[in-house]
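Close look at the chain arrangement
Listed here are the chains, written in short residue letters.
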Amino acid sequence: SGTGIVTFGPDVNIAGKLNVVAGGIVLNGGTFADDVVFVKNGTSNETGLGGCTFNGSLSITNNGTGYFLSSNSTNDIYNGKVTARITNSGIIYLAHRGINTLFNDDVEFLSSGNGSIRIGNSTGTSTLADGKIIMMDSTTFTNGYVSMSRMIFGNNAQTFNLGAAATINLGPEITMNGRWDFAGGGIRLNNCIFNQEVNLIKTGTMNDESNGNNTFMKPLSLTNYSSGFFLFARTTKDIFNDDVTTF
């Protein structure tokens, strides 16, 4: 019916493709061998313990106003592409408290609502494998907020493009090992290490305050096309080990 709560685990094994439309979805451990589609439509909040392995692709859509949370105690392993989509005011939490959630394929974030997608929002840690990317495009991430914390990015270059009404928060404890290009409404950077070049373009009218404690090992380029401000080192110094260019 799309209104009840569906729970998987512990120790569930799903051999075929899986498509679930429900009010809420809880993941408490198991292995999903093929592609999985989860659609949450409800207002309730669901907390999953984690401990799941997805060997096919995983698509999570939150059409509701409550949250979907995975990895509240144990890491998850994503061996296929992960797609997370927000269409309302709800939230998708991944890698929440589990240690070393693994994203072994590409990840895509989409948002047309005013909710958010949050990785490592509590104490969880995660790794994006070498050669893999996180995809965000300004035509499909038009509103809302994305936050990534306690995450190590592989050596591939990353390009994040958000709409002018959308905001990104990176940190704390982000390590970006490839080049990073960002354009979007708002940017906040807190306790991150960037080992390659960084190019940041702000397009939104909101004011952005970053706490600081960021280290830039290579050149940094900053462009502000908006009427709002972009503030660094609000509470802690940043370290710039190469050229900084502003426009």
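The structure under discussion appears in the preceding block.
The following paragraphs examine the structure supplied in this document. Values in this document were obtained by computation on a predicted structure and should not be read as measured data. (Residues numbered from 1 in each chain as written. Predicted model: local features only at pLDDT ≥ 70, side-chain atom pairs only at ≥ 80, totals over all residues. Heavy atoms only, no water.)

Focus: the overall build of the chain
The helix and strand tally for the chain stands at zero helices and 33 strands. Projected onto its principal axes, the C-alpha positions of the chain cover 55 × 30 × 30 Å. Relative to its 247 residues, the chain shows a buried fraction of 51%. Of the contacts formed within the chain by residues at least 6 apart in sequence, a portion of 44% connects residues at least 24 apart. As displayed, the chain offers around 9700 Å² of accessible surface, 48% of which is attributable to carbon and sulfur atoms. Seen as two clouds, the 14 positive and the 18 negative side-chain charges of the chain have centres 5 Å apart. (Helix = DSSP H or I, 4+ residues; strand = E, 2+ residues; numbered from the N terminus. Buried < 20%, exposed > 50% of the residue type's maximum accessible area, 1.4 Å probe, protein only. Contact = heavy atoms within 4.5 Å. Areas by Shrake-Rupley, 256 points an atom, 1.4 Å probe, with all protein chains shown as cover. Lys, Arg positive; Asp, Glu negative; His and termini not counted. Charge placed at Lys NZ, Arg CZ, Asp CG, Glu CD.)

A few points about the sheet that holds strand β30 (residues 220-224)
Strand order across the open sheet formed by five strands is β21-β24-β27-β30-β33, with parallel pairing between neighbours. Of all strands in the sheet, those with a lone pairing partner are β21 (158-161) and β33 (244-246), marking the two edges. Averaged over all pairs of adjacent strands, the angle between strand axes in this sheet comes to 5°, irrespective of strand direction. Looking at chain direction, strand β27 (residues 198-202) and β30 are connected through five bridges and run parallel. The partner of I201 across the bridge, within β30, is T223. (Pairing = 2+ DSSP bridges. Axes fitted to C-alpha atoms, helices over the stretch in contact; angles between N-to-C directions.)

Topic: the pairing of strand β3 (residues 18-22)
Here β3 shows a buried face lined by L18, V20 and A22 and an unburied face lined by N19 and V21. Summarising the sheet, β3 and strand β6 (residues 36-40) pair through five bridges and their orientation is parallel. Across the sheet, N19 pairs through a bridge with V37, a residue of β6.

Regarding the packing of aromatic side chains
Counted by the stated rule, this structure contains 16 aromatic pairs. When the centroid spacing of 5.8 Å and the interplanar angle of 75° are considered together, the rings of F8 and F32 count as edge-to-face. Here F8 is found in strand β1 (residues 5-8), whereas its partner F32 is found in strand β5 (residues 30-32), with 24 residues between them in sequence. Judged by its relative accessible area of 11%, F8 falls in the buried class. (Phe/Tyr/Trp six-rings, centres within 6.5 Å; stacked < 30°, edge-to-face > 60°.)

Quick word on the nonpolar core
Counting residues in hydrophobic clusters, the biggest one holds 55 residues, and the most contacted among them are F38, F109, M148, I168, W180 and L200. With residues near it in sequence (within four places) discarded, W180 still touches Q158, F160, I168, L170, L189, F194, E197, V198, N199 and L200. (Core = buried A, V, L, I, M, F, W, Y, C linked by side-chain atoms within 4.5 Å.)

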